[in-house]
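Okay, here's what each chain looks like letter by letter:
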Amino acid sequence: MVFAPTPQLTVTVDQPSGQPELHLHPGGQGVWQARMVLSLGVDVVLCTALGGEIGQVLEPLLVSEGVDVKVVVRDSGSGGYVHDRRDGSRREIVDVPGQPLSRHELDELYNLALGEGLRAPVSVLSGPNDPALVPADLYRRFAADLGANGGRVVVDLSGEHLAAVLESGVFFLKVSHEELIRDGRARDEDTAELTRAMYDLHAGGADTVVVSRADQPALALVDGELFEVEMPRLQAADPRGAGDSMTAGVAAVMAGGGDIRTAIRTGAAAGALNVTRHGLGTGRLDSITGLVDRVRLVPADSRPQEHITPDELAERVER
């Protein structure tokens, strides 16, 4: 099950040849994750809320992708954006985040998603496209209720929403190094600093932690052991979406009964191949599985050294 409270309508202007083209797709973190899970041959239920003119357009687009869509109809409008990609890079024309969900809409969506999540072996809790649209406490409750009933919770969150789910505990957490720095969990991108933050996240409630590092190998903390996720370098057509594809790959393998290390390698392969394409959350199953064997989890330095002041050292010696 993928919880996607605030999907977006994405409109992209492209010009691969002489004439401009318009591409309309459903988007947002949860949609991209669900799309990749489906690409990996795993059935997925997408629980979402849709409203307004944009919502009326989004629902048939979601259904056409083959995702099992469960919808709460909301009074307020869904969001969307327009990007111009004619010069080879993305330029944002407009971004409409949509309206916050009302208390009634949140209750309806929570009940809908909880029912589906309790039937699923793995639930992916995707973040809203704007943190103000869905309160963080909803995620805390969701992670607690699913975890207490045997569900495995997979998240790719940051900020208050990450802090909230950690209170309840999650099976797998993916976060970028930029988000760790922005949230004050890491001071910089130094490996030792990121490693310290990963152990803190593990102690705070995340069983397994993966930190993506842009063009550097991701770091993975699995069963208390730190790894670098090494894989072949591929030329990127569009760097966006790698993290969401990685999270989806992990969820898909775990839903099928696979082990966490294979899940991380599969997620890394899905993320790497996604950036070679222009469609977010897309990829060929045969290509992804063919790349998995080239992904390695290489043991890295273990737990970072503890920094002890002279006074603390003296106290320990006395004890």
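These lines cover the structure that appears in this document, whether it is placed above or below.

About the cut-offs
- Residues numbered from 1 in each chain as written.
- Predicted model: local features only at pLDDT ≥ 70, side-chain atom pairs only at ≥ 80, totals over all residues.
- Heavy atoms only, no water.
- Helix = DSSP H or I, 4+ residues; strand = E, 2+ residues; numbered from the N terminus.
- Buried < 20%, exposed > 50% of the residue type's maximum accessible area, 1.4 Å probe, protein only.
- Contact = heavy atoms within 4.5 Å.
- Pairing = 2+ DSSP bridges.
- Axes fitted to C-alpha atoms, helices over the stretch in contact; angles between N-to-C directions.
- Phe/Tyr/Trp six-rings, centres within 6.5 Å; stacked < 30°, edge-to-face > 60°.
- Lys NZ or Arg CZ within 6 Å of the ring centre and 35° of its normal.

1. Re the environment of Leu133
Take Leu133: it is sitting in the loop between strand S8 (122-125) and helix H4 (136-148). Here Leu133 falls in the buried class, since its relative accessible area comes to 4%. When the C-alpha positions of Leu133 and Ser102 are compared, they lie 9.1 Å apart, and in sequence the two are 31 residues distant. Apart from the residues within four sequence positions on either side, Leu133 is in contact with Thr6, Pro97, Gly98, Gln99, Pro100, Leu101 and Pro128.

2. Observations concerning the sheet that holds strand S7 (residues 91-96)
Across a sheet, strands are paired by hydrogen bonds formed along the backbone, either parallel or antiparallel in direction. Across the sheet, four strands lie side by side as S3-S2-S6-S7; this open sheet has mixed pairing. Only two strands of the sheet have a single partner each, and these edge strands are strand S3 (21-27) and S7. Averaged over neighbouring strand pairs, the angle between their axes works out to 15° when direction is ignored. Bridging between strand S2 (residues 8-14) and S3 involves seven bridges; their strand directions are antiparallel. Pairing of Val11 across the sheet is with Leu24, part of S3.

3. Here's the deal with the packing of aromatic side chains
Within a pair of aromatic rings, the relevant descriptors are the distance that separates the centres and the angle that separates the planes. Scanning all chains against the criterion turns up three aromatic pairs. Among the aromatic residues, those joined into a cluster by ring pairs are Phe3, Tyr110, Tyr139 and Phe142. Stacked on the ring of Tyr110, the Lys or Arg Arg141 has its end atom at 4.2 Å from the ring centre. Its guanidinium or amino end placed over the ring of Phe171, Arg152 lies 4.5 Å from that ring's centre, counting from NZ or CZ.

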